[in-house]
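# Examining the three-dimensional arrangement
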Amino acid sequence: MSTTMENGKAAPRPGTSMLMRLTESRNGLGLFFMLPAAAFLLCFLTYPLGLGVWLGFTDTSIGRPGVFIGLENYQWLWDDSVFWMSVFNTLLYTFVASVLKFVLGLWLALVLNEHLPFKNFFRAIILLPWVVPTVLSALAFWWIFDSQFSIISFVLMEWGWIDRPINFLGDPNNARASVIAANVWRGIPFVAICLLAGLQTIPQSLHEAAALDGASSWQRFRHVTLPLLTPIIAVVMTFSVLFTFTDFQLIYVLTRGGPVNATHLMATLSFQRAIPGGQLGEGAAIAVAMIPFLLGAILFSFFGLQRRKWQQGGAD
Amino acid sequence: MASVEIDDVRKSFGNHPVIKGVSVAIEDGEFVILVGPSGCGKSTLLRMLAGLEHISSGEIRIGDRVVNDLPPKERDIAMVFQNYALYPHMTVADNMSFSLMLAGVPKAQIQERVKPAAEILGLSSLLERYPRQLSGGQRQRVAMGRAIVRDPQVFLFDEPLSNLDAKLRVSMRTEIKNLHQRLTTTTVYVTHDQIEAMTMADKIVVMHDGIVEQIGAPLDLYDKPANLFVAGFIGSPAMNMLSGKLDEADPSRFVTGDGIVLPAPPGIASARGKELVYGIRPEGVSLGGTVDLKVQVIEPTGSESQIVALLGKTQVTCVFRERVMLQPGEILNVSIDPRAAHLFDAKSGMRLTD
Ligand SMILES: Nc1ncnc2c1ncn2[C@@H]1O[C@H](COP(=O)(O)OP(=O)(O)O)[C@@H](O)[C@H]1O
Ligand SMILES: [Mg+2]
């Protein structure tokens with residue numbers, strides 16, 4: 001966010017009051033108009049965030065105001081293998097789910113961008129996983145991944161590929177794969193629809209020019225579609241990574257972090273320690289520990305989001 | 001380079017016929033312009049030549065190959081699009097060398113081909129720029145550069161000048177014509193602007209509503225338009241048209257609906273009794289004579305005077321080399337050279353004079 005910080009142009013005329021000067025200067029007026037938004041942000045963003053960070057430096061627990069204990073919570077977490085497990089899980093979850101969402105979402109967008117029969121119908125259908133409440137889809141997945149009544153196990157057994165139901169949520173690695181699959185299913189529509197919108201901004205004549213220049217369909221994708229889509233990809237994937245990194249609902253409904261913390265993400269572990277566990281200070285410290293990762297992701301995308309050289313210059 | 005033959009080509013979008021049987025033969029090295037009003041199917045025809053649009057029926061041959069079912073990349077043609085279709089994420093140099101890069105031409109050789117093309121078009125200092133950093137005219141040149149570098153069998157242009165300002169359009173006209181004289185590559189050029197067609201083409205194809213109205217050299221179309229449509233379309237200001245009949249007694253007299261008598265062109269006695277349209281170009285009228293015009297508007301351009309006047313109840317436009325000093329409402333005496341007049345059958349629109 002950059003505000004226009006040019007110097008106020010109003011030349012102070014003799015006899016103008018302070019208020020007059022303020023309303024006539026660009027900066028003064030700008031500041032004035034920003035006040036409501038600033039107050040809003042202060043109340044609803046900065047205060048809770050600040051409180052969270054402060055709690056991380058205390059030993060507050062539910063029902064008992066804590067005292068400042070410096071970095072003790074963080075020292076404790078440093079030696080906590082469950083915490084490190086959750087960090088590993090979060091990174092794995094975010095990385096694998098984001099890559100899958102990107103690849104499948106892009107593929108879906110490309111398919112939907114072709115001339116299909118019932119195109120609009122499919123485009124609408126695609127959004128379904130995204131519009132149903134997370135809890136609802138999580139419950140559905142919970143049933144799909146059930147250790148005895150799973151439809152997947154049932155079908156595979158019918159086909160004779162396996163003898164016993166798969167223990168989807170009971171085995172650590174199966175559980176990880178299962179929650180990732182559920183997250184991918186939920187996240188694809190967002191990626192696909194955004195990329196579809198991006199694809200539709202690429203003029204048809206560029207594809208035609210490339211076809212005349214002798215490009216095969218793969219070369220057209222590689223040299224025209226993909227480079228022109230990168231600005232949108234950067235935006236979409238930034239959001240996708242942030243959503244995935246901070247995911248909570250899916251995990252909480254499906255596994256509650258189990259089995260044996262194999263699917264605990266930092267968000268779920270933070271909640272687990274703070275609310276059911278009562279250790280508000282420690283939970284807050286885990287949440288604060290997410291911030292560097294998120295900042296890293298934002299910085300990364302900041303450079304990805306920058307206008308590329310070819311986007312600069314006069315309009316068409 | 002190659003000849004192009006379009007043989008009874010038709011195209012429908014769904015049930016809607018757009019090209020209704022077009023045949024054009026284009027010789028090797030010829031500069032052919034498809035001209036016609038907006039929506040008459042020029043771009044569609046050009047896109048079928050390029051392979052961007054499927055041909056519903058008929059045959060297109062480039063050289064001696066039938067290309068109906070060949071994909072664009074195998075037709076060896078280059079096209080300049082109306083909106084230029086430059087790749088926005090590539091520099092001018094990359095835009096121009098994209099096709100060579102795809103064809104696997106070695107880097108050094110690409111350089112060798114891009115450089116002279118850029119020089120011809122005055123793009124040498126812009127090679128590292130991106131399309132957004134160029135003016136409209138420069139983009140237009142890059143689009144042409146991209147086509148030239150390929151050294152294709154045929155160049156296709158789809159209204160390449162319509163996004164430029166009037167002055168630039170005139171100078172690009174000359175430049176494209178020069179370029180063609182230099183490269184002698186067969187060129188098919190689409191425009192809705194008859195002046196562009198007249199000034200640039202070896203051969204003009206006048207299209208209207210999905211059919212070809214007339215094919216011929218620019219001056220042939222001007223001097224002998226085959227029908228009322230071509231007569232009205234080619235030439236600016238447009239030909240004056242007056243409906244009426246030949247005098248029953250004296251076929252050298254044409255009588256307009258308002259009863260005004262004009263000299264009829266020779267050798268059309270057989271048209272007696274038919275409903276006719278009398279066509280005379282603005283410069284076919286000269287000062288002094290027996291025909292009375294009631295002056296409405298005088299537009300001096302310096303080199304000539306353009307006068308809009310009433311002939312009976314029909315508005316006509318005349319262009320004189322002389323300076324005419326008259327007030328609106330005054331009467332101007334003019335004469336019409338019968339050999340400069342055209343007669344058309346009012347019903348069929350076909351030309352009757354030869
Ligand atoms: N893809 C298309 N689908 C349906 N109709 C089309 C399509 N492309 C062109 N047309 C129609 O074909 C006619 C000719 O179009 P076009 O060749 O672009 O005209 P021109 O280039 O002469 O202005 C127009 O009536 C247009 O509406
Ligand atoms: Mg067109």
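Since this is a predicted model, take the numbers as computed values, not measurements. (Residues numbered from 1 in each chain as written. Chains lettered and ligands numbered in written order. Predicted model: local features only at pLDDT ≥ 70, side-chain atom pairs only at ≥ 80, totals over all residues. Heavy atoms only, no water.)

## Considerations on the domain arrangement of chain B
All names here are of chain B. Our working definition: Boundary definitions for the domains trace back to an automatic or database domain assignment. Any pair of residues with heavy atoms lying within 4.5 Å of one another is described as a contacting pair. When two parts are brought into contact, each loses some accessible area as probed by a 1.4 Å sphere; the total of that loss over both is the buried area. Salt bridges, as used here, are contacts in which a Lys or Arg side-chain nitrogen is within 4 Å of a carboxyl oxygen on Asp or Glu. Distance and chemistry together define a polar contact, namely a pair of N or O atoms within 3.5 Å, with one atom able to donate a hydrogen and the other to accept it when in protein, and with adjacent residues in sequence counting only for side-chain atoms on both sides. Residue polarity follows a fixed list, in which Ala, Val, Leu, Ile, Met, Phe, Trp, Tyr, Cys and Pro are nonpolar, Asp, Glu, Lys and Arg are charged, and the others, Gly among them, are polar.
Each assigned domain of chain B is listed with its residue range as follows: domain 1 (4–230) and domain 2 (237–345). For domain 1 and domain 2, the distance between their C-alpha centroids amounts to 39 Å. Each partner contributes to the interface: domain 1 provides six residues, whereas domain 2 provides eight residues. Summed over both sides, the interface between domain 1 and domain 2 buries roughly 560 Å², with carbon and sulfur atoms accounting for 61% of that surface. Looking only at domain 1, the three residues that lose the most surface to domain 2 are Y222, P225 and L228, adding up to 85% of its buried area. If you look at where domain 1 meets domain 2, you find zero salt bridges. Summed over the shared surface of domain 1 and domain 2, the result is two residue pairs in polar contact (both at pLDDT 80 or more). Classifying every residue of the side of domain 1 that touches domain 2 by side-chain character gives four nonpolar, one polar and one charged.

## Considerations on the nonpolar core
Which entries qualify depends on this criterion: By nonpolar core is meant a set of buried Ala, Val, Leu, Ile, Met, Phe, Trp, Tyr and Cys residues that side-chain atoms within 4.5 Å join together. Remark: exposure states derive from per-residue accessible area (1.4 Å probe, protein chains only) relative to the maximum for the residue type, with buried under 20%, exposed over 50%, and partly exposed in between. Helical segments are the DSSP runs of H or I of at least four residues, strand segments are the runs of E of at least two, and each set is numbered from the N terminus.
Formed by 79 residues in total, the largest nonpolar core has its most connected members in B:L45 and B:L156. With 11 residues, helix α9 (residues 172–200) of chain A is the single largest residue contributor to this core. If near-sequence neighbours (up to four positions away) are discounted, B:L45 is found in contact with B:I6, B:V9, B:I19, B:V22, B:L34 and B:M207. Counting residues in each nonpolar core, the second largest holds 45 residues, with B:Y84, B:A118, B:F157 and B:M200 among its members.

## Concerning the site of ligand 1
Residues and elements named next belong to chain B. As a reminder, the rule being used: For this purpose, a residue is taken to be near a molecule or strand whenever a single non-hydrogen atom of the residue falls within 4 Å of it. All accessible-area figures derive from a Shrake-Rupley calculation using a 1.4 Å probe, and residue coverage is judged against the displayed protein chains alone.
Taken together, F13, V18, S38, G39, C40, G41, K42, S43 and T44 are the residues near ligand 1. Separating an oxygen atom of ligand 1 from a backbone N or O atom of C40 is a distance of 3.2 Å. Residue S43 places a side-chain N or O atom 2.5 Å away from an oxygen atom belonging to ligand 1. For ligand 1, whose accessible area on its own is 560 Å², the fraction buried by protein is 58%. The element best represented in the shell around ligand 1 is helix α1 (residues 42–50), accounting for three residues. Considering only residue class, the shell around ligand 1 consists of three nonpolar, five polar and one charged.

## Observations concerning the sheet that holds strand β4 (residues 57–62) of chain B
All names here are of chain B. Convention followed: Paired strands, as defined in this entry, are two strands with at least two bridges between them according to DSSP. Note on definitions: angles span 0 to 180 degrees between N-to-C directions of axes, and those axes are lines fitted to C-alpha atoms, for helices only across the stretch in contact.
Taken together, the four strands give an open sheet; going across it, the order is β2-β1-β4-β5, and neighbouring strands pair in antiparallel fashion. Only two strands of the sheet have a single neighbouring strand rather than two, namely β2 (16–26) and β5 (65–66). With eight bridges joining them, strand β1 (residues 4–13) and β2 adopt antiparallel strand pairing. The residue of β2 that forms the bridge with V9 is V22. Contacts from α1 reach β1, β2 and β4, with the element oriented near 115° to β1.

## Re the layout of surface pockets
The probe, sized like a water molecule, is rolled over the atoms to show the empty space still left. Residues and elements named next belong to chain A. The criterion, for reference: In the cavity and pocket records, a cavity denotes points on a 1 Å grid over the protein atoms alone where a 1.4 Å probe fits but cannot get out, a pocket denotes an open set with protein on both sides within 12 Å along at least 5 of 7 lines, and lining residues are residues with an atom within 4 Å of a point. Grid points are joined across faces, edges and corners, and a volume is the space filled by probe spheres set on the points.
The computed volume of the largest pocket comes to approximately 670 Å³. Around the largest pocket, the lining is made up of 18 residues, and of these N113, E114, Q204, H207 and R220 lie nearest the centre. Mapped onto the lining of the largest pocket, the elements with two or more residues apiece are α4 (81–113), α9, α10 (204–212) and α11 (217–245). Looking at which element gives the most residues to the lining of the largest pocket, the answer is α11, with five residues. A per-class count over the lining of the largest pocket returns seven nonpolar, seven polar and four charged.

## Here's the deal with the domain arrangement of chain A
For chain A, the assigned domains read domain 1 (3–8 + 15–42) and domain 2 (72–305). The C-alpha-based centres of domain 1 of chain A and domain 2 of chain A are spaced at 43 Å.

## Considerations on the side chain of A:T268
All names here are of chain A. One can find T268 in helix α13 (residues 266–274). Given the relative accessible area of 0%, T268 is considered buried. If we ignore the near neighbours within four places in the chain, the residues touching T268 are F248, I251 and Y252.

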